[in-house]
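Tertiary structure, described
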Amino acid sequence: MSNRKAYEAKNVVKEYSAQKHLQKAEETILKRFKERFKKMKMLDIGVGGGRTTYHFANLVKEYVGIDYSKNMVKECIKKFPNYSNKTSFKVCDARSMRIFNNDYFDFILFSFNGIDYMSHQDRLKTLEEIKRLCKKNGFFCFSTHNLQSIGKVFSIQISYNPIKMIWRFFCYLRIIFSNKNIKKIKDKNYAIINDGAHRFKLRTFYIKPKEQIKQLNHLGFKNIQIYSSLTGEEIKNKKKLNWIKDSWLYFHCQV
């Protein structure tokens, strides 16, 4: 099953639609920009079931939520019928966002690791598109899986519930079987693996923090800041990036 088909599935749409909370790093960034949002046009990529819409749409000058899943967009339109005319939702693939003009948005968000469900080349293409759409000195924020946390994926969490333990052991065996040499994966700067997401229907991109910084710098993004997904705090000590084990990290940068 392709990643796109997985996100069209009714059970997945229902799961995403039920979510309303912000992640800790998102809370940090919202607080940081809250007073500035009223002057900003915002693009929310991979809007899913509207989890972030609850928190951002009423703060910004204009809010556009996009997703390549038609069913996710339909769910958002159904959930937010009374939001102002400054809020809209569109079906759009992040790899080609030609429905929008250059330099249109002040703030672009690609949350919940949405950028991790595409190939490496498509990821670069998406970042180029984001750079095209964002105004000079505009802001881009996204989260991505941390390859340095891969040991958690290739391990079993102990449970005293025998049914849960059997299920976790089954998942562990399937993850081992679904992926090639684990040591080679750990030694790479980035890798696409089957980590069991949505009952093994998705393949997920993992990248080391310093490789992600290198990637952003190469594409011309600047003033890169990194936030912990566990605490929401900015990671200012760059040496810490060599060993940090958060499952994913938030990157915040400027165009």
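Further up the page is the structure itself.
Right, let's walk through the structure included here.

1. Section: the packing of aromatic side chains
Counting across every chain of the model gives 23 aromatic pairs. The interplanar angle of 45° and the centroid separation of 6.2 Å between the aromatic rings of Tyr 16 and Phe 112 together place this pair among those described as tilted. Remark: Phe 112 occurs in the loop between strand 4 (105–110) and helix 6 (120–133) and Tyr 16 occurs in helix 2 (residues 10–17); sequence separation between them is 96 residues. Relative accessible area serves as the criterion here: at 16%, Tyr 16 is assigned to the buried category. The exposure class of Phe 112 is partly exposed, given its relative accessible area of 28%.

2. Some details on the packing of helix 2 against helix 5 (residues 70–79)
Contact geometry of helix 2 with helix 5 gives a least axis separation of 10 Å together with a crossing angle of 40°. In terms of orientation, helix 2 lies oblique with respect to helix 5. Our pair here, helix 2 against helix 5, has a crossing hand that is right-handed. Along the contact surface, helix 2 presents Val 12, Val 13, Tyr 16 and Ser 17, while helix 5 presents Asn 71, Met 72, Glu 75 and Lys 79. Residues that form the contact of helix 2 with helix 5 fall into these classes: four nonpolar, two polar and two charged.

3. Here we look at the layout of surface pockets
Estimates place the volume of the second largest pocket at around 190 Å³. Looking at the second largest pocket, the residues that line it are Ser 178, Asn 179, Lys 180, Asn 181, Lys 184, Ile 185, Lys 188, Ala 191, Ile 192, Ile 193 and Arg 203. Sorting the residues of the lining of the second largest pocket by element identifies helix 9 (182–187) and strand 6 (190–193) as the ones contributing at least two each. Top contributing element to the lining of the second largest pocket by residue count: strand 6, with three residues. Taken together, the residues that form the lining of the second largest pocket break down as four nonpolar, three polar and four charged.

4. Observations regarding the nonpolar core
By size, the foremost hydrophobic cluster in this structure holds 32 residues, and its most contacted members are Leu 43, Ile 45, Met 97, Phe 100, Ile 108, Phe 110 and Phe 140. For this core, the secondary-structure elements that each account for two or more residues are strand 1 (41–45), strand 2 (62–67), strand 4, helix 6, strand 5 (134–146), helix 11 (209–219), strand 8 (222–228) and strand 9 (248–254). Excluding anything up to four places from it in sequence, Phe 100 contacts Leu 43, Val 64, Ile 66, Lys 90, Cys 92, Phe 105, Arg 132 and Leu 133. Judged by nonpolar contacts, the second largest core, of 23 residues, contains Ile 29, Val 73, Cys 76 and Tyr 227.

5. Things to note about the pattern of salt bridges
Taken as a whole and assessed by the stated rule, the structure comprises 10 salt bridges. Between Lys 125 and Asp 122 there is a salt bridge whose closest N-O contact spans 3.8 Å. With Lys 125 and Asp 122 both in helix 6 and three residues apart, this pair spans about one turn of that helix. Taking the relative accessible area as the measure of exposure, Lys 125 reaches 44% and is therefore partly exposed. One salt bridge connects Glu 129 with Arg 132, and the closest N-O pair in it is separated by 2.8 Å.

Basis of the calculations
- Residues numbered from 1 in each chain as written.
- Predicted model: local features only at pLDDT ≥ 70, side-chain atom pairs only at ≥ 80, totals over all residues.
- Heavy atoms only, no water.
- Phe/Tyr/Trp six-rings, centres within 6.5 Å; stacked < 30°, edge-to-face > 60°.
- Helix = DSSP H or I, 4+ residues; strand = E, 2+ residues; numbered from the N terminus.
- Buried < 20%, exposed > 50% of the residue type's maximum accessible area, 1.4 Å probe, protein only.
- Axes fitted to C-alpha atoms, helices over the stretch in contact; angles between N-to-C directions.
- Parallel < 35°, antiparallel > 145°, perpendicular 65-115°, else oblique.
- Left-handed = near helix turned anticlockwise from the far one by under 90°.
- Contact = heavy atoms within 4.5 Å.
- Nonpolar A, V, L, I, M, F, W, Y, C, P; charged D, E, K, R; others polar.
- 1 Å grid on protein atoms, 1.4 Å probe; cavity = no way out; pocket = protein on both sides within 12 Å on 5 of 7 lines; lining within 4 Å.
- Points joined across faces, edges and corners; volume = space filled by probe spheres on them.
- Core = buried A, V, L, I, M, F, W, Y, C linked by side-chain atoms within 4.5 Å.
- Salt bridge = Lys/Arg side-chain N within 4 Å of Asp/Glu carboxyl O.

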